[in-house]
Amino acid sequence: MERNHNGEGLCQALCNVAMWLANHGDFTASACVLSRATEKFPRFPIARNWMLVESYISSQQAIYGEKWSSAAIACDHLFHLDKNLSVLQRANLNIARGNRSVALSLLDQLLSQDDEQLEPLFRVRGMLMQAQSLIDGQNVPPESLLVLNRAAALAKEKHLSFEHSIIEVNIAYVLHRMGMHQQALKVVKMNIENVLANGGIYDKAKVHFLFVQCLIASAPTKESKLEKLKTTMEQLEIAIGFFTKLECWNKVKDVYMFLAKLYNEMEMIDERNHYALKFRLTAEEHTNNNNDLVDNFH
């Protein structure tokens, strides 16, 4: 007779599957898996596992879609399950909303804890968000690069390979914003494989887009820029598809704005107008979005 084991290991396995599905934009399938976990494990302490994952996924999905009230409620639920994760997600929410000073205040409190209170993974992620909070649409302060370098060193020390690559990609973004396009491209190339192999579709979309931006920015002539755009248009389409699946409409507008500006620079008016129209239609169809948050690598 086959024995059915309903221990915590099974609950954690279901939670891992749910997280993987959510990270790939399959929120309906993720909810179905979590529903199974709730049926099999209705009581504490095992129930804490799926409650934690459910609240985290809800907060992240709401942040993607800029449903700020829903995201805040999910962060409140997280607080009773994992205080540090809740603070990280609330900082994430405030960065996404453009409330950088609020995010920095939350992260300062989080990172002031000693190593016994804050595990390395959360410290690394907190430092990454701290650097992101320092950057706005107009300025990239040198301090952000210092924070990212410290975070990268800690991630390497603690063998957090994926987080190290994500931090390096953010360093590439800062270098790109500072006009050091060749250096930025080199850093992206060194880390893109790890992100594409192990990341969710949000991280994949961002690294695809950044790679194309750095590649084209490093091209010396308009002709070479156009040639590189032709060879990488598929990557931009992938990025748009991933952002659309997650309902990250400001990120979709990012790509359309980039293309419209690039074609305008190359005096290709029809192509420029095509993507300018796509930008406008996306903005009109998703009126809750704030154009001030466009071109924010978060």
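Predicted model only: the values in this text are computed from it and were never measured.

Draft legend 1. Structural context of the environment of A131. The residue A131 is located in helix α7 (residues 120-134) in this model. Owing to a relative accessible area of 1%, A131 belongs among the buried residues under this scheme. In this structure the C-alpha to C-alpha distance between A131 and L215, which are 84 residues apart in sequence, comes to 24 Å. Apart from the residues within four sequence positions on either side, A131 is in contact with S144, V147 and L148.

Draft legend 2. The arrangement of the state of the cysteines in detail. Overall, the coordinates contain zero disulfides when judged by the stated rule. C11 forms no disulfide, and the closest cysteine sulfur to it belongs to C15, at a distance of 4.3 Å. On the basis of relative accessibility, which here comes to 0%, the residue C11 falls in the buried class.

Draft legend 3. Here's a closer look at the pattern of salt bridges. One pass over the full model with this rule turns up eight salt bridges. D76 is the partner of R90 in a salt bridge, and the nearest nitrogen-oxygen pair spans 2.5 Å. Separated by 14 residues along the polypeptide, R90 in helix α5 (residues 83-97) and D76 in helix α4 (residues 68-79) bring together distant segments of the chain. With a closest N to O distance of 3.4 Å, R100 and D136 form a salt bridge. Highlighted residues: R100 in helix α6 (residues 100-111) and D136 in the loop between α7 and α8 (142-157), separated in sequence by 36 residues. Overall, the relative accessible area of 28% leaves R100 in the partly exposed class.

Draft legend 4. Quick look at unusual backbone geometry. Omega for the bond connecting F44 with P45 falls within 30 degrees of zero, at 5 degrees, which places this linkage in the cis form. For P45, the location among the structural elements is in the loop between α2 (27-40) and α3 (47-64). With phi around 60 degrees, E66 is a residue other than glycine that occupies positive phi space. The residue E66 is located in the loop between α3 and α4 in this model. According to the relative accessible area criterion, E66 is buried, its value standing at 12%. The phi dihedral of E267 is positive, around 60 degrees, even though this residue is not glycine.

Draft legend 5. A look at the packing of α4 against α5. Interaxial distance between α4 and α5 falls to 8 Å at its minimum, and their mutual angle equals 165 degrees. Judged by the angle between their axes, α4 and α5 are roughly antiparallel. Here α4 runs over α5; the crossing is left-handed. Judged by residue contacts, W68, A71, A72, C75, D76, L78 and F79 of α4 engage K83, L85, S86, Q89, R90, L93, A96 and R97 from α5. Taken together, the residues of the contact of α4 with α5 break down into nine nonpolar, two polar and four charged.

Draft legend 6. Representation of the environment of M268 in the model. Counting through the fold element by element, M268 comes out in the loop between α13 (249-265) and α14 (269-285). Not counting residues up to four positions away in its chain, the partners in contact with M268 are L226 and Y263.

Criteria and thresholds
- Residues numbered from 1 in each chain as written.
- Predicted model: local features only at pLDDT ≥ 70, side-chain atom pairs only at ≥ 80, totals over all residues.
- Heavy atoms only, no water.
- Helix = DSSP H or I, 4+ residues; strand = E, 2+ residues; numbered from the N terminus.
- Buried < 20%, exposed > 50% of the residue type's maximum accessible area, 1.4 Å probe, protein only.
- Contact = heavy atoms within 4.5 Å.
- Disulfide = S-S within 2.5 Å.
- Salt bridge = Lys/Arg side-chain N within 4 Å of Asp/Glu carboxyl O.
- Axes fitted to C-alpha atoms, helices over the stretch in contact; angles between N-to-C directions.
- Parallel < 35°, antiparallel > 145°, perpendicular 65-115°, else oblique.
- Left-handed = near helix turned anticlockwise from the far one by under 90°.
- Nonpolar A, V, L, I, M, F, W, Y, C, P; charged D, E, K, R; others polar.

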